[in-house]
Amino acid sequence: MALLHVTFSKSQNEYPFLISVHCNVLQSNIKLSVMNHNMKINMPLHTNISLSMSAAALCIGVGSFSDPNDLPGLAHFLEHMVFMGSEKYPSENGFDAFLKKHGGSDNASTDCERTIFQFDVQRKRFKEALDRWAQFFICPLMIEDAIDREVEAVDSEYQLAKPSDSHRKEMLFGSLAKPNHPMSKFCWGNAQTLKTEPKEKNINVYKRLREFWKRYYSAHYMTLAVQSKESLDTLEEWVREIFSQVPNNGKPKPDFSDQLSPFETPAFNKLYRMVPVRKVHALTITWALPPQEKHYRVKPLHYIAWLIGHEGTGSILSMLRRKCWALALFGGNSETGFDQNTTYSIFSISITLTDEGFQNFYEVAHLVFQYLKMLQTLGPQQRIYEEIQKIEANEFHYQEQTDPIEYVEDICENMQLFPKEDFLTGDQLMFEFKPEVISVALKLLTPEKANLLLLSPEHEGQCPLREKWFGTQYSVEDIQQHWRELWAGDFDLNPSLHLPAENKFIATDFTLKTSDCPDTEYPVRIMNNDRGCLWYKKDNKFKIPKAYVRFHLISPVIQKSPKNLVLFDLFVNILVHNLAEPAYEADVAQLEYKLVAGEHGLVIKVKGFNHKLPLLFNLIVDYLADFSAAPDVFSMFAEQLKKTYFNILIKPEKLGKDVRLLILEHSRWSTIQKYQAVLDGLSVDELMEFVSSFKSELYAEGLVQGNFTSTESMGFLQYVTDKLQFKKLSVEVPVLFRVVELPQKHHLCKVKSLNKGDANSEVTVYYQSGPKNLREHTLMELLVMHMEEPCFDFLRTKETLGYHVYPTCRNTSGVLGFSVTVETQATKFNTELVETKIEEFLVSFGEKMNSLSDEAFKTQVTALVKLKGCEDTHLGEEVDRNWTEVVTQQFVFDRLSREIDALKLMTKAELVNWFMGHRGEGNRKLSVHVVGYGEEEEGSKMSLYGEVSKLTFLPASTLLASVTTITDIQAFTSTLNLYPYHKILK
């Protein structure tokens with residue numbers, strides 16, 4: 001009989017644990033964690049779990065390090081293939097279809113030494129879902145025909161990753177490892193490594209996939225976590241029954257821990273220059289240390305990263321900001337397989353540089369080395385360690401519930417890494433201060449052991465080397481002799497650098513407040529005058545000492561011109577910069593703040609422990625009231641904004657959205673127009689004039705939720721109006737756009753991608769319904785839910801058009817519609833061919849809808865009702881939903897229950913007619929194509945950094961001869977009717 005351990009434990013440090021059961025599952029020896037939330041024991045205060053969703057995650061202690069040398073990417077490919085049907089459930093997309101039908105979702109990921117699968121589903125379908133999912137690990141089909149098609153999905157995933165600078169950095173970095181070290185493998189896999197080359201070498205991929213599955217998908221490498229409202233006994237019984245068939249080959253687990261120091265090579269301690277895809281200057285300084293996982297109770301790298309990444313006075317970033325050399329700094333270890341595995345641990349410091357910082361990058365590196373030398377000289381500080389420990393402990397003790405699917409994913413991975421008493425806390429808490437452990441890691445962070453990687457568009461044309469898989473242009477050189485000699489000696493410390501002072505923002509009062517007014521189910525308006533209003537709801541459900549405060553400062557000046565929008569972006573960026581140092585202590589103490597340049601106003605969001613939250617909110621309002629912009633800071637951010645807009649426009653999905661909304665929303669300014677405005681030049685005086693007119697006339701709309709009384713909450717709006725002293729709005733500012741009524745025919749807007757080196761294309765086909773009520777919006781959601789799985793099956797699984805294919809319910813400033821999107825590659829498919837395939841899908845979906853059974857209709861309605869009726873897992877979810885009502889000025893706080901009522905009255909005929917109505921004569925259809933670069937499309941490659949200040953419109957070919965092409969958006973929209981402003985209120 002299997003051994004059963006039940007843990008109801010509380011650690012010595014008073015960190016309450018969730019209940020968990022660990023057992024060996026009969027023959028299989030899968031390590032198991034079962035969580036249930038009926039038990040009345042001392043737990044973290046976040047166990048107000050969603051009753052209707054259940055989740056499971058399984059982690060296999062094998063990843064791409066185990067790829068055979070002649071088949072790079074095989075582990076990742078296998079993770080895809082096990083989804084494609086099993087002996088017990090042979091339907092190719094059967095599991096996805098089952099989840100979609102019952103309001104669930106799933107995912108999987110392959111890392112260097114681990115592969116994780118996870119799903120969630122409505123609780124009453126959990127056992128059946130577990131059984132279907134377990135077949136991935138018991139008897140997957142992996143038929144040969146599916147192999148050929150799924151290679152294309154893996155290849156599309158690789159193509160989508162290619163324009164990512166972070167992935168490019170990883171691949172370049174991996175290529176520096178010693179030959180034969182698994183880090184130098186190509187973990188992604190693509191059509192070349194999994195299809196073309198194997199055919200040339202007579203490698204049977206089908207056979208090798210099955211061998212890999214048999215060798216590595218073994219029960220004794222697996223850890224499983226399940227979470228549901230059933231009793232522990234029931235969950236354990238299910239798991240034993242379902243998973244005991246998972247094969248166990250008894251073979252020793254792959255072990256790479258003897259391949260230490262992979263980067264101890266002459267090539268490592270040099271300067272690498274790289275041409276990035278985005279316009280960005282960045283310096284990354286990296287060390288490869290011995291594996292640090294065993295020190296998880298001390299977390300030495302977390303302690304060092306906390307100090308390196310500090311942004312208060314005396315920090316690296318504070319100094320660099322003052323010189324206008326840097327915009328951001330991130331330090332540490334991300335704990336992904338790339339950063340941390342059994343052969344090494346990475347410690348890296350990445351600094352986003354300004355143009356001037358790029359010119360002085362050696363000086364920037366020197367400042368980092370001076371700070372590290374200071375830390376080495378002073379040694380680990382108990383005061384600082386205990387401060388971090390206290391912050392992490394507060395956060396753990398009062399953490400809000402995460403989604404079950406995310407929680408089980410974390411737990412099953414923790415089970416691979418930590419002993420069972422630390423499954424729930426090993427990745428979150430700092431258990432013990434051991435200065436000697438921290439010192440050992442600190443002493444290794446020296447200039448002579450560091451790798452320097454410098455990214456800049458300026459490097460284009462100067463980088464003769466190419467990374468094999470992502471084609472990244474780079475060069476390598478010795479670190480300049482002057483700096484090499486300086487760093488090898490006993491260089492001076494910088495007197496301006498020092499450790500952070502004690503943090504005044506750490507909460508100490510966790511009392512739950514007594515209400516001073518009647519409790520309400522939804523927010524109520526407790527202040528209302530001509531300069532603003534405040535919505536309020538006391539939290540009596542989650543019962544945590546935290547709160548959320550949000551304000552929308554609405555202004556008529558923002559949308560007046562593209563120039564004003566740019567000035568507004570500049571204003572918000574500089575305000576964030578001005579706040580960075582004074583507000584950093586609050587940020588560290590788990591008080592989060594965010595300033596967003598909204599379309600119609602400035603959005604201020606703060607959240608965290610309520611004890612010190614007003615301090616942070618008032619600090620933000622003070623800096624807003626006394627805004628100033630130094631000339632050097634202004635020019636630094638004006639330059640940066642050019643890069644920001646450029647980096648948005650080179651992404652096909654962002655450009656596609658920009659074009660679609662430029663057509664649909666009247667008087668909307670596009671990112672291209674903003675980019676043009678910033679190129680035309682701006683002055684500090686123009687900025688200050690804009691800020692002055694912005695602050696002179698506002699309407700402040702706020703929402704306070706959580707552990708504040710109504711009296712305390714009123715203080716927030718009072719502070720805003722007293723401090724900013726603005727006048728009431730002279731004209732009402734609508735918080736949405738008017739939308740054009742599309743003509744009753746098919747229009748196509750086809751534009752060239754603005755990233756010259758990118759093969760990725762995007763096709764979106766949009767159908768406009770018009771200004772509709774809540775009932776039709778709910779009907780559209782139901783339609784899209786019906787469409788999701790067939791869309792995936794037709795366009796991705798069978799036609800292999802791309803990795804991302806999806807239908808979307810569109811609410812464009814209150815005007816309803818739906819769309820189908822495919823992200824594809826110009827190296828494989830022409831966008832017009834993709835458009836015809838989307839049309840084929842919609843025809844086949846229409847046939848499916850006409851033969852829809854009553855049972856299938858009811859199942860989908862039930863799934864959507866359950867999704868909408870799902871309890872919020874944490875206060876933030878409730879706040880987000882209520883905030884959407886406030887910021888759009890709709891105030892339908894009970895929208896979900898109204899939608900549920902509407903769903904219960906819907907008929908199958910209504911749904912079918914609704915879809916057919918969009919497909920019939922006179923439909924309002926708009927297609928937007930962003931065309932990538934590749935052999936299936938016209939156009940040649942040029943410089944990586946093309947001109948993005950104007951769109952290149954393309955004509956339609958004979959394939960879409962009947963379609964009307966848009967080649968001048970302004971001319972097209974100026975002739976169209978506008979719908980009135982529309983909100984979905986009833």
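As the structure is a prediction and not an experimental result, all values here were calculated from the model. (Residues numbered from 1 in each chain as written. Predicted model: local features only at pLDDT ≥ 70, side-chain atom pairs only at ≥ 80, totals over all residues. Heavy atoms only, no water.)

Peer 1: Can you break down the overall build of the protein chain residue by residue, with the values?
Peer 2: Regarding its fold elements, the protein chain presents 30 helices and 26 strands. Over its C-alpha trace the protein chain gives a radius of gyration of 29 Å, about what one expects of a compact globule, namely 30 Å for 986 residues. Each principal axis of the C-alpha distribution contributes one length, and for the protein chain these read about 70 × 70 × 65 Å. Here the protein chain holds 986 residues, and the buried ones make up 60% of them. Once local pairs closer than 6 in sequence are excluded, the contacts in the protein chain between residues at least 24 apart make up 85%. Surface accessibility of the protein chain: about 38,400 Å² in total, with carbon and sulfur atoms responsible for 50%. Between the averaged position of the 106 positive side-chain charges in the protein chain and that of its 127 negative side-chain charges there is a distance of 2 Å. (Helix = DSSP H or I, 4+ residues; strand = E, 2+ residues; numbered from the N terminus. Rg over C-alpha atoms; globule rule 2.2 N^0.38 Å. Buried < 20%, exposed > 50% of the residue type's maximum accessible area, 1.4 Å probe, protein only. Contact = heavy atoms within 4.5 Å. Areas by Shrake-Rupley, 256 points an atom, 1.4 Å probe, with all protein chains shown as cover. Lys, Arg positive; Asp, Glu negative; His and termini not counted. Charge placed at Lys NZ, Arg CZ, Asp CG, Glu CD.)

Peer 1: Which residues make up the pattern of salt bridges, and what values do they have?
Peer 2: Summed over the entire model, instances satisfying the criterion amount to 49 salt bridges. For the salt bridge of E241 with K127, the shortest nitrogen-to-oxygen distance reads 3.3 Å. Of this pair, E241 sits in helix α8 (residues 232–243) while K127 sits in helix α3 (residues 126–138), and the two are 114 residues apart along the sequence. Residue E241 is classed as partly exposed on the basis of its relative accessible area, which comes to 46%. Assessed through its relative accessible area of 30%, K127 is described here as partly exposed. (Salt bridge = Lys/Arg side-chain N within 4 Å of Asp/Glu carboxyl O.)

Peer 1: Report on the packing of aromatic side chains, specifying residues and quantitative values.
Peer 2: Two aromatic rings are characterised by how far apart their centres lie and by the angle between their planes. For the structure on display, the rule yields 56 aromatic pairs. Relative to W133, the ring of F119 has its centre 5.0 Å away and its plane inclined at 65 degrees; by these criteria the two rings are edge-to-face. Taken as a pair, F119 in strand β6 (residues 115–122) and W133 in helix α3 lie far apart in primary sequence, 14 residues in all. The pair formed by F119 and W133 is uniform in burial state, with each residue classed as buried. Measuring from centroid to centroid gives 4.9 Å for F571 and F627, while their planes differ by 85 degrees, and the two rings are edge-to-face. Here the residue F571 occupies a position in helix α17 (residues 562–588), and F627 occupies one in the loop between α18 (613–625) and α19 (631–649), the gap between them amounting to 56 residues. The exposure classification of F571 matches that of F627, with both residues buried. Aromatic ring contacts, followed pair by pair, group F83, F95, F117, F119, F126, W133, F136, F137, Y217, W238 and F243 into a single cluster. Lying over the aromatic face of W325, K323 brings its terminal NZ or CZ to 4.7 Å of the ring centre. (Phe/Tyr/Trp six-rings, centres within 6.5 Å; stacked < 30°, edge-to-face > 60°. Lys NZ or Arg CZ within 6 Å of the ring centre and 35° of its normal.)

Peer 1: So, unusual backbone geometry: which residues are in play, and what are the values?
Peer 2: Of note in the backbone geometry, N180 takes a positive phi value of approximately 75 degrees without being a glycine. In this structure, Q590 is a non-glycine residue whose phi angle is positive, near 65 degrees. Inspection of the secondary structure assignment puts Q590 in the loop between α17 and β18 (592–597).

Peer 1: So what's going on with the sheet that holds strand β9 (residues 281–289)? Residues and values would help.
Peer 2: Pairing is mixed in the open sheet, where seven strands are placed in the order β10-β11-β9-β12-β8-β14-β13. Bordering the open sheet on either side are β10 (326–332) and β13 (465–466), each of which pairs with just one other strand. Two strands pair when backbone bridges link them, and β9 and strand β11 (residues 345–353) are joined in this way by nine bridges, in the antiparallel orientation. Bridge pairing in β11 links A288 to I346. (Pairing = 2+ DSSP bridges.)

Peer 1: Tell me about helix α26 (residues 854–869), and please be specific about residues and values.
Peer 2: Counted at 1.5 Å a residue, the expected span for α26 with its 16 residues is 22 Å, and the 22 Å between its end C-alpha atoms agrees. Among all positions of α26, only F857, T859, Q860, V861, A863, L864, V865 and K868 are buried. Those residues of α26 that are buried are in contact with α2 (94–101), β6, α24 (774–798), α28 (895–904) and α29 (908–919). (Expected span 1.5 Å × (residues − 1).)

Peer 1: I'd like a description of the UniProt feature "domain: Coenzyme PQQ synthesis protein F-like C-terminal lobe" (unreviewed entry) in the protein chain, backed by residues and values.
Peer 2: Residues annotated by UniProt as "domain: Coenzyme PQQ synthesis protein F-like C-terminal lobe" (unreviewed entry) correspond here to residues 783–883. The span residues 783–883 is 60% helix and 20% strand, and its two end C-alpha atoms sit 26 Å from each other. (UniProt positions renumbered as here; feature names shortened; annotations may be inferred.)

Peer 1: For the sheet that holds strand β24 (residues 815–825), give the residues involved together with the corresponding values.
Peer 2: The six strands are arranged β23-β24-β22-β25-β21-β26 in an open sheet whose pairing can be described as mixed. Both edges of this open sheet fall to β23 (804–812) and β26 (964–965), since each of them pairs with a single strand only. Pairing of strand β21 (residues 746–752) with strand β25 (residues 924–931) involves seven bridges; the strand directions are parallel. The residue of β25 that forms the bridge with K750 is H929. Along the sheet face, helix α20 (residues 652–664) touches β21, β22 (760–771), β23, β24 and β25 and points at about 145 degrees away from the line of β25. α24 rests against β22, β23 and β24 of the sheet, and its axis sits at about 165 degrees to β23. (Axes fitted to C-alpha atoms, helices over the stretch in contact; angles between N-to-C directions.)

Peer 1: Which residues make up the confidence of the model for the protein chain, and what are the values?
Peer 2: When the pLDDT values of the protein chain are averaged, the result is 92; 94% of them are 70 or greater. Considering only residues more than four positions removed or in separate chains, one finds that residues 1–27, a stretch of pLDDT under 50, has 87 contacts. A low-confidence stretch, residues 37–49 stays under pLDDT 50, and its non-local contacts, those more than four residues away or across chains, total 45 contacts. (pLDDT = per-residue confidence, 0-100.)

Peer 1: Can you tell me about the environment of T223, naming the residues and giving the values?
Peer 2: With respect to the element layout, T223 can be found in strand β7 (residues 222–227). Among the residues examined, T223 registers a relative accessible area of 4% and is labelled buried. Placed 191 residues apart in sequence, T223 and N414 show a C-alpha to C-alpha distance of 9.1 Å.

Peer 1: Could you give an account of the packing of α17 against α19, with specific residues and numbers?
Peer 2: Across the interface, α17 lies against α19 with an axial gap of 10 Å and an inter-helix angle of 120 degrees. Regarding the angle of α17 to α19, the classification is oblique. Remark: the crossing between α17 and α19 carries right-handed chirality. Only V633, F634, M636, F637, A638, L641 and Y645 of α19 make contact with α17, whose side of the interface consists of L565, V566, D569, L570, N573, I574 and H577. Residue classes in the contact of α17 with α19 are distributed as 11 nonpolar, two polar and one charged. (Parallel < 35°, antiparallel > 145°, perpendicular 65-115°, else oblique. Left-handed = near helix turned anticlockwise from the far one by under 90°. Nonpolar A, V, L, I, M, F, W, Y, C, P; charged D, E, K, R; others polar.)

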